[in-house]
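# Secondary and tertiary structure notes
Residues per chain, in single letters:
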There are 2 protein chains.
Amino acid sequence: MKVLIVYAHPEPRSFNGAMRDVAVDTLRGGGHEVIVSDLYAMGFNPVVGRGDFTRPANADVFRLAAEQRRAQDDGTYAKDIADEHEKLRWCDTLILQFPLFWFSLPAILKGWVDRVMGVGFAYGGSMWYENGGLRGRRAMLSLTTGGPPSIYGPRGRNGDIELILWPIQNGILRLVGFDVLPPFVAWCPARLSSEERVVYLKEFKERLLEIPETPPIFFHESGDYGEDNSLMPGVDPRPRFQRAGAVAGSR
Amino acid sequence: MKVLIVYAHPEPRSFNGAMRDVAVDTLRGGGHEVIVSDLYAMGFNPVVGRGDFTRPANADVFRLAAEQRRAQDDGTYAKDIADEHEKLRWCDTLILQFPLFWFSLPAILKGWVDRVMGVGFAYGGSMWYENGGLRGRRAMLSLTTGGPPSIYGPRGRNGDIELILWPIQNGILRLVGFDVLPPFVAWCPARLSSEERVVYLKEFKERLLEIPETPPIFFHESGDYGEDNSLMPGVDPRPRFQRAGAVAGSR
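Figured I'd write up the structure that's included with this text. (Residues numbered from 1 in each chain as written. Chains lettered and ligands numbered in written order. Predicted model: local features only at pLDDT ≥ 70, side-chain atom pairs only at ≥ 80, totals over all residues. Heavy atoms only, no water.)

Every regular strand shows the same layout, with side chains that alternate between the two sheet faces. All names here are of chain A. Of all the six residues making up strand β1 (residues 2–7), five are buried; the element is thus mostly covered by neighbouring parts of the structure. Across six bridges, the pairing between β1 and strand β2 (residues 33–38) is parallel. Directly across from Val3, in β2, lies its bridge partner Val34. A crossover links β1 with its parallel partner β2, the connecting element being helix α1 (residues 15–29), and its sense is right-handed. As paired strands, β1 and strand β3 (residues 93–99) are joined by five bridges and run parallel to one another. Within β3, the position partnered with Ile5 by the bridge is Ile95. (Buried < 20%, exposed > 50% of the residue type's maximum accessible area, 1.4 Å probe, protein only. Helix = DSSP H or I, 4+ residues; strand = E, 2+ residues; numbered from the N terminus. Pairing = 2+ DSSP bridges. Right-handed = clockwise from strand over helix to strand, strands pointing away.)

The structure is reproduced here in structure tokens:
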């Protein structure tokens, strides 16, 4: 595999940092190539704006999609974005390693998505979902939470982790074409003993090495949707949130 | 009302910019006080890190929750965060005005949440959900989308807008104590005519002036949950995603 790990944690000595290290060592030890985008170490700028482009398509009014389309055609993306594009084109496997902040990606990682997943590069026109710009690649979320599984269950107060991850797994990863593998969720590592953390890291190693054989999560394909992009009559919507195996790292 | 508008769009001449202007004019015209945090104009830094604090509780290892607790006690939050805390304490109504980027908040606004909604200030211990640090205030999302309502319907390809907003409305706004009003969703303004946009802004004005009488969205309260933070047996989970009136700006 050619694996791009996008890692977003401010403290290298965190459990997220340990997971990143385990991922790099395990994958390289297994004969795979690995590149890490360590967003904090890179000082990655997460804010969409005129700085995303080396010259504006419209210097007067900033319209993101138009600027992205033009930058894609002309090669006028800023270097930090162009570098990430190159890594994404290179990889066959993307891992996002992050702590769940406010039920979503930390801002530095959200901004990586906002800026890097441009129109013309990652999606646009008929290039979306199974035909997205990064199709043929797989992606996996690897995250830590601050709460235990029960609060993220189907009846949990925070809401079902599957629903919480839907905007990321469907709305980002699947929309740009990735086959999305079940996420690895490390529940509440801050409250675990060192021994329990070691067990988690061992489970994570196993998941990493199983990636090539891991079936992706089910998503409906374009043929299931009508012209209004709603599921056609008779198509069962439930498999979109099927839990079987979807949170494989969970306890 | 004392209204804080947190506004996140890179282009003042966007429809989001027009919505912000309409909100300020309408609310002030109605005798209300308004403060705007224009995150792009402020150059707001959205990245959680050591810079959030004027001196570290632990200079060696960065642990966000511990740093936030200590900063709350000692008044050692960085000025940009302390300023937002003051605005939040002042307001009785919060409006987040933003374009839906990748099914979520733009990074600059996500980072406002990540950095400002600190442990001890907004939540922590028993201070969460209806007992959150910002209880007694109301909040409302006001957003634009790039797609039409059908793709965000219960059977839509992007997923039900209610599910997409759940991590924000429940996981951020409700968790820190706000009464959450139905969102105002401006569907796909980029594809509208000038006349249609004017109609949207008129509808938005009406919604703004109705805020004091608008009933909040239903959320279960603490008594509905057991010790594991799951809904107790017999409690109906469905009202959490009841659609009635939940997306009042929709067409």
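Moving on, we come to the pattern of salt bridges. All chains considered together, the criterion is met by 34 salt bridges over all chains. For the salt bridge of Glu11 of chain A with Arg50 of chain B, the shortest nitrogen-to-oxygen distance reads 3.1 Å. Here the residue Glu11 of chain A occupies a position in the loop between β1 and α1, and Arg50 of chain B occupies one in the loop between α2 (39–42) and α3 (64–74), the pair thus bridging two chains. Given a relative accessible area of 1%, Glu11 of chain A falls into the buried group. (Salt bridge = Lys/Arg side-chain N within 4 Å of Asp/Glu carboxyl O.)

With that out of the way, let us pick up the interface of chain A and chain B. Of the residues lining the interface, 61 residues belong to chain A; the matching set on chain B comes to 61 residues. Regarding the contact of chain A and chain B, the summed buried area is about 4900 Å², with carbon and sulfur atoms giving 56% of it. When the buried surface of chain A facing chain B is broken down by residue, Trp102, Arg155 and Arg157 of chain A rank first, second and third, together holding 23% of it. One can count 38 residue pairs in polar contact (both at pLDDT 80 or more) joining chain A with chain B. Within the residue set of the side of chain A that touches chain B, elements represented by two or more residues are α5 (107–116) and α6 (161–174) of chain A. (Contact = heavy atoms within 4.5 Å. Buried area = accessible area lost by both parts, 1.4 Å probe. Polar contact = N/O pair within 3.5 Å; in protein donor to acceptor, adjacent residues only side chain to side chain.)

Next up on the list: the side chain of Asn158 of chain A. Mapped onto the elements of the fold, Asn158 of chain A is located in the loop between β4 (138–144) and α6. A distance of 2.7 Å separates polar atoms of two side chains, one belonging to Asn158 of chain A and the other to Tyr129 of chain B. Not counting residues within four places of it along the chain, the set of residues in contact with Asn158 of chain A comprises Phe103, Ile151, Tyr152 and Ile164 of chain A together with Trp128, Tyr129, Trp166, Asn170 and Leu175 of chain B.

Right, let's talk about the environment of Pro12 of chain A for a bit. If you trace the backbone, Pro12 of chain A turns up in the loop between β1 and α1. For the pair Pro12 of chain A and Leu39 of chain A, spaced 27 residues apart in sequence, the C-alpha to C-alpha distance is 11 Å.

With that out of the way, let us pick up the relation of the copies chain A and chain B. With an RMSD of 0.0 Å, the fit of chain A onto chain B corresponds to turning through 180 degrees and sliding 0.0 Å along the axis. In short, the pair behaves as if placed about a two-fold rotation axis. Minimal C-alpha distance to the rotation axis in chain A is attained by Ala107 of chain A, lying at 2.4 Å. Take the interface residues of chain A: 100% of them recur as interface residues in chain B, which is what a same-surface contact looks like. (Least-squares fit on C-alpha atoms with pLDDT ≥ 70 in both.)

All names here are of chain A. Even without being a glycine, Cys188 presents a positive backbone phi close to 55 degrees. Within the secondary structure, Cys188 is located in the loop between β6 (184–186) and α7 (194–209). Even without being glycine, Asn229 reaches a positive phi, approximately 60 degrees. Residue position: Asn229 is located in the segment after α7.

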